Amino acid sequence: MSFYETVIKKAREAIEKFSLICSDERVLVGFSGGADSTVLLCVMHEILGERVCAFHVNHMLRGDEADADELFCKKFCLKKGIPFNSVHIDVAALANGSGVEEAARNARYGALTAECERIGAQKIALAHTASDNMETVIFNLARGASLSGMRGIPPKRAQGKFEVIRPLILCTRAEIEGFCTEKELDFCTDKTNVDINYTRNFIRHKIAPLIKEINPSAEERIVSASENLARDESFITEEARRFAELHGISNSCNVKLLLSVHEALRSRIIAKMYGSVSNKTLESRHFDEIDKFIENGKNGSRIILPGKTAALFRGEDIIFISEDDYSDSIKKDKFSYQIHEGTSDFGTFSVLLFPTEKEECELIKTSSQKASFTAKTVLPESAVKELYVRNRENGEKYVFGGMTRTLKKLLSGADEKAKTVRPVFCDDSGVLWFPPFRIRDDVYARREEAKYILCYFEY
């Protein structure tokens, strides 16, 4: 069988096996001008005829070379009688010094989606092959991927109201190159594709050939393994969805309930909660961090995750919330409580106030063992009569040690929890004490009159 026949056969097989295209659907082919996309366009045109259109994105990153690629694509489609359109996107300007590859990818998919909308297409066909899939699996494996990452490149996935499909996913790069030779197809060559300083190029030119020495059919075998892993991942994800639906889990869950399920389900439930807040993807190390947080976290504690998202403890629940919403909630949760003799519990912290002559050592010891931070001071009776605890406010300061100290500066070296949880103790004259620093100078001057001990416990 010729390379041409093999590629056509495998493309038809992929279309049927993965239900990539319905009988009346129009398909937009992402056409870069490279060998893979050139073959894809030819194959789709042969199989679908007039239902195929081509679209080229000029990222404006390679100057004249990028313009030449665009011109090639335009002439190729004109010769084949395939409808063609292109767009210029200044990716360097969009990236603004950050990740150019991610900016290019986002811009490309955005442009493809807009073109689908414009021409009334339902599917976006991209030229990923079995060889690309193998390289992706190797790349993800080296990064410590989960089961989801080991699935490689999916044959299809949603892209808004459209669907990205990969009809060449069963074809190897050797078969694509053979197709080009047999059909004497011209195509563009991106010079950066041979630069092994790029990780994927290093895998392609150095690692993949060694793997194929072990098994010449490695690409096909990895595609098969990807299908099996995708099937297993789909089952576990569906079970996690059912569990979340049964228990009403969206962006929060009871910690004991979460710890009661198998780790495989737990990670998917966590991913679901995180996904309800952020459009980013968590890596394995993030799940490990969240697991430790769940096992060791205390009320009020939190960790910062990608996508400007935080996970925090509130009571018996773990909650995923955007950093902006978290900041707003801190501002909204204003409180001011009078402090009375005995123990007062405020969730993220508690306060113990007792006379100096009273024996409370055991209670202090017990509370300290549960707390992540403790502090204490002594107070005269007059200060206790007016004593209350409240949120900190912007720009607050108080005088101790003969100097006016701003709370912001006192917190400059503190951990995140101290910056968000720790309150101030006040009297009618303002801030009296901010743990663990000294009490206000006028009160400290009367320390010989101390009648009470004030203890602060942060959880």
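This section reports on the structure supplied with the text. (Residues numbered from 1 in each chain as written. Predicted model: local features only at pLDDT ≥ 70, side-chain atom pairs only at ≥ 80, totals over all residues. Heavy atoms only, no water.)

### Focus on the overall build of the chain
Part 1: On a plain count of helices and strands, the chain comes out with 18 helices and 20 strands.
Part 2: Computed over the C-alpha atoms, the radius of gyration of the chain is 31 Å, more than 25% above the 23 Å expected from 2.2 N^0.38 for a compact globule of 459 residues.
Part 3: Taken across its 459 residues, the chain has 44% of its residues classed as buried.
Part 4: Taking the intrachain contacts of the chain between residues at least 6 apart in sequence as the baseline, contacts between residues at least 24 apart amount to 70%.
Part 5: Accessible surface for the chain amounts to roughly 24200 Å². Of this, 50% is attributable to carbon and sulfur atoms. (Helix = DSSP H or I, 4+ residues; strand = E, 2+ residues; numbered from the N terminus. Rg over C-alpha atoms; globule rule 2.2 N^0.38 Å. Buried < 20%, exposed > 50% of the residue type's maximum accessible area, 1.4 Å probe, protein only. Contact = heavy atoms within 4.5 Å. Areas by Shrake-Rupley, 256 points an atom, 1.4 Å probe, with all protein chains shown as cover.)

### Observations concerning the pattern of salt bridges
Part 1: Inspection of every chain in the model, using the stated rule, returns 29 salt bridges.
Part 2: In this structure, Arg173 engages Asp132 in a salt bridge whose closest nitrogen and oxygen atoms are separated by 2.8 Å. Within this pair, whereas Arg173 is found in helix 7 (residues 173–182), its partner Asp132 is found in helix 6 (residues 130–142), the two being separated by 41 residues in sequence. The burial state of Arg173 is the same as that of Asp132; both residues are buried.
Part 3: A salt bridge links Asp291 to Arg266; its shortest N-O distance comes to 3.8 Å. Here the residue Asp291 occupies a position in helix 12 (residues 284–296), and Arg266 occupies one in helix 11 (residues 263–275), the gap between them amounting to 25 residues.
Part 4: Judged by its relative accessible area of 23%, Asp291 falls in the partly exposed class.
Part 5: Among the ionic contacts, a cluster of salt bridges with common partners joins Glu238, Glu239, Arg241, Arg242 and Glu245. (Salt bridge = Lys/Arg side-chain N within 4 Å of Asp/Glu carboxyl O.)

### Looking at the packing of aromatic side chains
Part 1: Going through the model one piece at a time under the given rule, you end up with 16 aromatic pairs.
Part 2: Ring centres of Tyr337 and Phe346 lie 5.0 Å apart, and the angle between their planes is 20 degrees; on these two criteria the pair is classed as stacked.
Part 3: On the basis of relative accessibility, which here comes to 40%, the residue Tyr337 falls in the partly exposed class.
Part 4: Ring centres of Phe346 and Phe349 lie 5.0 Å apart, and the angle between their planes is 35 degrees; this geometry places the pair in the tilted category.
Part 5: Under the relative-accessibility criterion, Phe346 is labelled partly exposed at 22%.
Part 6: Classification of Phe349 as buried rests on a relative accessible area of 1%.
Part 7: One residue, Arg157, lies across the ring of Tyr109, its end atom 4.8 Å from the ring centre.
Part 8: Across the ring face of Tyr4, the terminal group of Lys183 is positioned such that the distance to the ring centre comes to 4.1 Å. (Phe/Tyr/Trp six-rings, centres within 6.5 Å; stacked < 30°, edge-to-face > 60°. Lys NZ or Arg CZ within 6 Å of the ring centre and 35° of its normal.)

### A short note on the sheet that holds strand 6 (residues 162–165)
As a general point, the strands of a sheet are linked pairwise by backbone hydrogen bonds and lie either parallel or antiparallel.
Part 1: Taken in spatial order, the 6 strands of this open sheet run 3-2-1-4-6-5, and their pairing is mixed. One side of each edge strand has no neighbouring strand; the edge strands of this open sheet are strand 3 (84–88) and strand 5 (156–159). For this sheet, the mean angle separating the axes of adjacent strands, direction not counted, is 25 degrees.
Part 2: Across 5 bridges, the pairing between strand 2 (residues 52–58) and strand 3 is parallel. Each bridged residue has a counterpart across the sheet, and for Ala54 the counterpart in strand 3 is Phe84. (Pairing = 2+ DSSP bridges. Axes fitted to C-alpha atoms, helices over the stretch in contact; angles between N-to-C directions.)

### Considerations on the side chain of Ser278
Part 1: For Ser278, the location among the structural elements is in the loop between helix 11 and helix 12.
Part 2: The exposure class assigned to Ser278 is buried, which follows from its relative accessible area of 7%.
Part 3: At 3.1 Å, the side chain of Ser278 forms a polar contact with the backbone nitrogen of Lys280.
Part 4: Sequence-distant contacts of Ser278, defined by excluding residues within four places in its chain, comprise Pro306, Gly307 and Thr309. (Polar contact = N/O pair within 3.5 Å; in protein donor to acceptor, adjacent residues only side chain to side chain.)

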